[in-house]
Amino acid sequence: QAVDSDDEDDFPAYEVPESEKNFEVVPDGAEPERKATAPYYIRDCYEQLSEKEKYEVFEAAFFALNEMIRRKAIGFVDIASSLAKKLVYLEDKFSTKDFENVRKQCLISCLVMRPEIAPKLARLIYCVSDILQKAANAPTVVKMATSLADVVAPLKFHPDAFVRSSVLFAYFSITLAVPDGVFFELFGNVVRGWIEWSTMCADDVDSSDQQRKIAGAIRCENEAADLVKFTVLALLLLISFLSQQKLAKFSSVVLS
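Computed from a predicted model, the values in this text were never measured in an experiment.

A.B. asks: Could you give an account of the nonpolar core, with specific residues and numbers?
C.D. replies: If you look at the biggest cluster of nonpolar residues, it comprises 56 residues, and the most contacted ones within it are Ile42, Leu65, Ile69, Leu83, Leu121, Ile174 and Phe187. Apart from the residues lying within four places of it in its own chain, the contact partners of Phe187 are Ala145, Thr146, Ala149, Ile174, Val178 and Trp194.

Laid out in structure tokens, this is it:
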């Protein structure tokens, strides 16, 4: 008897594995999400932050870093200063979710677990702020400015006057580098906080003499004046690096 090739009995039943039943439909043009195992050692984490091609390798290290710092993972003490520097310069190459917040938390953790690195970080902030000023006409200036503002935020209340002065210089550089229209759009809601913090520095008896004069020069009576006189902060801060006598003379003339 001839065999019917269409007879279903000729084909054994195929059980579809559960792993094949559950799948994710990827939109056209998109890539399926890739995941990598988090590094076990903080030195490996440090190295993976330099990854330039595989986002899953970078993010595995990036999101594991803060917990490693907080528990002082083996090797952290030796690389704390270099790690803080890497975090300051770290770029969001892969548009990583919550990048700025995670980076800021990692920097805070570095300062909490190794407070002695703060002066080195302050010197780095001076350098970055200077670069920002020179990049005033660059297309990336806005991104650089917002990143710098996030980096210096945890240092505003540091006990070292030199560290706080680096924050003042960073705010000065942001004000100088970012175009007026964009500046008020991005920082208009936080400028008041910058002013209040600067005023507090002026009232703090532990502040350095230079910092008190810089901060005291921008005392204002109302919010409208704050935004105008914040520009004066930039000028005063610049002059303060020249000499205290020039600062005192300028303050008496401009703010009289």
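Don't stop here, the text continues.
A.B. asks: Could you give an account of helix α5 (residues 99–113), with specific residues and numbers?
C.D. replies: The end-to-end C-alpha distance of α5, which contains 15 residues, comes to 21 Å, matching closely the 21 Å that a straight helix rising 1.5 Å per residue would cover. Restricting attention to buried positions, one finds in α5 the residues Phe99, Val102, Arg103, Cys106, Leu107, Ser109, Cys110, Leu111 and Met113. Here the buried face of α5 lies against α3 (55–70), α4 (76–89), α6 (118–134) and α7 (141–152).

A.B. asks: How would you explain unusual backbone geometry if you had to name every residue and give the values?
C.D. replies: Of note in this structure, Ser95 is not a glycine but carries a positive phi near 50°. Assessed through its relative accessible area of 64%, Ser95 is described here as exposed. For Asp98, which is not a glycine, the phi torsion comes out positive at approximately 60°. Structurally, Asp98 is set in the loop between α4 and α5.

Thresholds, definitions, all that
Residues numbered from 1 in each chain as written. Predicted model: local features only at pLDDT ≥ 70, side-chain atom pairs only at ≥ 80, totals over all residues. Heavy atoms only, no water. Core = buried A, V, L, I, M, F, W, Y, C linked by side-chain atoms within 4.5 Å. Buried < 20%, exposed > 50% of the residue type's maximum accessible area, 1.4 Å probe, protein only. Contact = heavy atoms within 4.5 Å. Helix = DSSP H or I, 4+ residues; strand = E, 2+ residues; numbered from the N terminus. Expected span 1.5 Å × (residues − 1).

These figures come from the coordinates and say nothing about function on their own.
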